[in-house]
Amino acid sequence: MFASVVIPTRDRAQHLSGALESLTRQTYPRDKFEVIVVDNGSTDGTREVCTSFMNRIPQFRYLYEETAGLHAGRHRGMKTAKSDILVYADDDIEAFPMWLEGIAEAFCDEQVVLVGGKNLPKFEQEPPVWILRMWEKDHQGGRMLPYLSILDLGDEVKVISPYCVFGCNFSIRKSILLEAGGFHPDAMPPDLIRYRGDGETHVARYIIEHDYKAVYHPNASIYHIISSDRMTEKYFVRRAFSQGISDSYTEIRTKKARSFLTNYRFHLKRRLLMTLACIRRDKIKVGYFKGYSYHQEQVMNDLSLYDWVTRKSYLE
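This write-up is about the structure you can find in this document. For every chain, the first residue of its written sequence is number 1, and the numbers climb from 1 along that sequence. Given that the model is predicted, a residue must reach a pLDDT of at least 70 before its local features are reported, and side-chain atom pairs must reach 80 or more before they are shown or counted; all residues, however, enter totals for whole chains, interfaces and linings. For the side-chain quantities, the full set of heavy atoms in the structure was used; hydrogens and water were omitted.

**Some remarks on the packing of aromatic side chains**
Part 1 of the argument: Only centres within 6.5 Å qualify two rings of Phe, Tyr or Trp (six-membered ring in Trp) as a pair; their planes then separate them into stacked at under 30 degrees, edge-to-face at over 60, and tilted for everything else. Overall, the coordinates contain nine aromatic pairs when judged by the stated rule.
Part 2 of the argument: Consider the rings of Tyr 235 and Phe 236, whose centres lie 6.0 Å apart with planes at 85°: the pair is edge-to-face. Across this residue pair, the class does not change: Tyr 235 and Phe 236 are buried.
Part 3 of the argument: Members of the aromatic cluster, joined through ring pairs, are Trp 130, Tyr 147, Tyr 235 and Phe 236.
Part 4 of the argument: The rule for a charge over a ring is simple: NZ of Lys or CZ of Arg within 6 Å of the ring centre, and within 35 degrees of the ring normal. Looking at Arg 74, its charged tip hangs above the ring of Phe 183, at a distance of 4.6 Å from the centre. Relative accessibility under 20% of the residue-type maximum defines a buried residue, over 50% an exposed one, and the middle range a partly exposed one, all with a 1.4 Å probe and only protein chains included.

Here it is, written out as structure tokens:
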């Protein structure tokens, strides 16, 4: 089974080098996969890093995508990929040696359309106690911390919710991704944050709605590099702000709401009154609410943004 590994990146050459290095150690035959790095506007040494791996990874391609946004990089990689099996990874991962082997094994079941595995943290420094507590096992023995995109569901192959397949380790059949209309906007440069959407969450939702099969395979696993600046309250607040934007985006699309434009102020005031009672001193919840209300107001005041949010597809 041939696989296309797609890694969108922007200004993280040092992390990208580690990700590519891990791909040189795969147990999967080298003639069975290609690697496509999509540079989404980097100004650092990303191109040079890619050049250094072109002789070490036989089927390697570097693409420059000037359109801003993670979805643009993901779609460029998809359109270029030779395989129906798309293996999406972030530039700050380090793949297990059996990563691609585990993914290929999971896709041997023709009913499987989406595959994930462990996303284990590789902390750059000792994390604070409050993060370790958030990363503790639950009553079923699993661990999940979405704000850091880390997850561990054990050592057995199992059918899972597509929502448990995070974007840093997200393998999907191209035919299903096209059927879903591609990805929605995700990470954006700070000056374009209002154009953020719900990313791969839309694809996961589509898979659920159509009763398709998602699988967790413990060999299809990675380490996710957790930098020191992500182990701070400030980062979690910023991440919550982004999640608020994403949830506002999803809500507006779900309503397809002309009524959104007319009833916005009433709903925002009601949500404010309901939320103030619970956010109190919780800065992360406050961050989330600020992101949600910011996006709602931005869409209310800019019909072109409303048109962007409610677009049928972002493939072009």
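After presenting the structure, the write-up continues.
**With respect to the pattern of salt bridges**
Part 1 of the argument: Between Lys or Arg on one side and Asp or Glu on the other, a salt bridge is scored when a side-chain nitrogen of the former is within 4 Å of a carboxyl oxygen of the latter. Applying the stated criterion across every chain yields a total of 17 salt bridges.
Part 2 of the argument: The shortest N-O distance in the salt bridge between Arg 194 and Asp 302 comes to 3.0 Å. You can see Arg 194 sitting in the loop between helix H6 (174-179) and helix H7 (201-209) and its partner Asp 302 sitting in the loop between helix H10 (283-300) and helix H11 (303-309), a full 108 residues away along the chain. An identical accessibility class is assigned to Arg 194 and Asp 302; each is buried.
Part 3 of the argument: Here the salt bridges share partners, and the residues they tie into one network are Arg 12, Asp 91, Asp 92 and Arg 230. Going along the chain from the N terminus, every DSSP run of H or I of four or more residues is numbered as a helix, and every run of E of two or more is numbered as a strand.

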